[in-house]
Amino acid sequence: MALHVFAVCAYRESPYLAECFQSLCAQTEKSDIIVCTSTPNRFIKELCEDYGLPLFVREGESSLLSDWNFAVETAVRERGAKLVTVAHQDDRYHPDYTGALLEAAERWPDMSLFCTRYRTIDALGEETEGSAERIKRILRLPLRLRIFADRRFIKRLCLRFGNSIGCPTCTYVPEKTGLPLFRNNYDFVIDWDTLWRLSGEQGRFVCEERELMDYRVHAGAATMKNIENHNREREELMMFSRMWPLPVARVLMWFYRQASRPYENA
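Residues numbered from 1 in each chain as written. Predicted model: local features only at pLDDT ≥ 70, side-chain atom pairs only at ≥ 80, totals over all residues. Heavy atoms only, no water.

Colleague: Please provide a residue-by-residue account of empty space enclosed by the protein, values included.
Modeller: In this structure the tally under the stated criterion is one cavity of 30 Å³ or more. Here the largest cavity defines a volume of roughly 40 Å³. Residue lining of the largest cavity: Cys9, Ala10, Tyr11, Cys36, Thr37, Ser38, Arg58, Asp67 and Phe70, and that is the complete set. Its residues assigned to classes, the lining of the largest cavity comprises five nonpolar, two polar and two charged. (1 Å grid on protein atoms, 1.4 Å probe; cavity = no way out; pocket = protein on both sides within 12 Å on 5 of 7 lines; lining within 4 Å. Points joined across faces, edges and corners; volume = space filled by probe spheres on them. Nonpolar A, V, L, I, M, F, W, Y, C, P; charged D, E, K, R; others polar.)

What follows is the structure in structure tokens.
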């Protein structure tokens, strides 16, 4: 049985997957690591063998929602995980990520979600313009009041003006969130909708305002595809419209779209 599991979602032949594995293996506080894929291939299989990581294959068509749910449920079923981080194959986690997580879990036993600040990097791994994260940091200010971060109002305040929580930084507590974790029909705002649901349920959102991961933006990312086909804009407006009257939602959307800039320049 493992306290914490990194469940890596691997797709096709990502040139960044090895970097992700390296960062997880380099954690100062060790965690279990599993790899999950719906696109099994020789590249992923051999890389998992090189790093001694177990590989689990989901049958069926690839989709972020199904693949993320499979990753969380496999971590719980196969490792008995109490804390699950759905690690994105393009990103890197800083060595102190697990340590900060375990410290938070011990201090706040009612925690349902752990998240952190992140650094934005480009395809070459170099730090790039991170205006989106700076905006999100402002929106996350309510979560700095950790003693009140179990309150519905506080949790929702950091989500009403946009999704201020970086999806790859998140660790979930399945005993608090329930399974399946992701329960919607979106292609892009899967995490925002899930966080909105969790914000209305019991459990504390704990945000560690340190840069504990590198979030990579590049032309092949799923976010870029959702920008190109305008799906991101459609789904984000749908989320805002659930929280605000439509005219207000459109105004907020105009400002929130600025977060797309790092991807548009990838």
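Still more ground to cover, so stick around.
Colleague: A description of helix α4 (residues 97-107) should follow, citing residues and the corresponding values.
Modeller: Residues of α4 that are buried: Tyr97, Thr98, Ala100, Leu101 and Ala104. With its buried residues spanning 160° around the axis, α4 presents them on a single face. Residues of α4 that are exposed and angled more than 90 degrees away from the buried face: Glu103, Glu106 and Arg107. Residues of α4 that are buried sit in contact with β1 (4-10), β4 (83-88), β5 (92-93), β6 (111-121), β7 (171-172) and β8 (204-216). (Buried < 20%, exposed > 50% of the residue type's maximum accessible area, 1.4 Å probe, protein only. Helix = DSSP H or I, 4+ residues; strand = E, 2+ residues; numbered from the N terminus. Arc of directions from axis to C-beta. Contact = heavy atoms within 4.5 Å.)

Colleague: Explain unusual backbone geometry to me, using residue names and the numbers behind them.
Modeller: Note the cis peptide between leucine 179 and proline 180, where omega equals -5°. Assignment of secondary structure puts proline 180 in the loop between α7 (174-177) and α8 (190-199). The backbone of arginine 12 shows a phi angle near 45°, a positive value even though the residue is not glycine. Along the chain, the position of arginine 12 falls in the loop between β1 and α1 (17-25).

Colleague: With reference to specific residues and values, describe the environment of glutamate 29.
Modeller: Mapped onto the secondary structure, glutamate 29 falls in the loop between α1 and β2 (32-37). Measuring from C-alpha to C-alpha, the distance between glutamate 29 and glycine 99 comes to 5.4 Å, with 70 residues separating the pair along the chain.

Colleague: Lay out helix α3 (residues 64-79) with the relevant residues and their values.
Modeller: Look at α3: 22 Å from first C-alpha to last across 16 residues, which is about the 22 Å you get at 1.5 Å a residue. When we look at burial in α3, the residues that qualify are Leu65, Asp67, Trp68, Asn69, Phe70, Ala71, Val72, Thr74 and Ala75. Tucked into the core, α3 has its buried residues touching β1, β2, β3 (55-57), β4, α7 and α8. One or two steps after α3, the chain reaches glycine 80, where phi turns positive at roughly 65°. (Expected span 1.5 Å × (residues − 1).)

Colleague: Summarise the side chain of arginine 92; cite the residues concerned and give the values.
Modeller: Within the secondary structure, arginine 92 is located in strand β5. Of the polar contacts made by the side chain of arginine 92, one reaches the side chain of glutamate 19; its length is 3.0 Å. (Polar contact = N/O pair within 3.5 Å; in protein donor to acceptor, adjacent residues only side chain to side chain.)

Colleague: Help me get a handle on the nonpolar core, residues and values and all.
Modeller: Formed by 47 residues in total, the largest nonpolar core has its most connected members in Leu143, Ile165, Phe182 and Trp192. Element by element, the count of residues in this core is highest for α3, at six residues. The contacts of tryptophan 192, once residues within four sequence positions are left out, are Leu159, Gly162, Asn163, Glu236, Met239, Phe240, Met243 and Tyr256. Judged by nonpolar contacts, the second largest core, of 29 residues, contains Val8, Ala10, Leu53 and Ala87. (Core = buried A, V, L, I, M, F, W, Y, C linked by side-chain atoms within 4.5 Å.)

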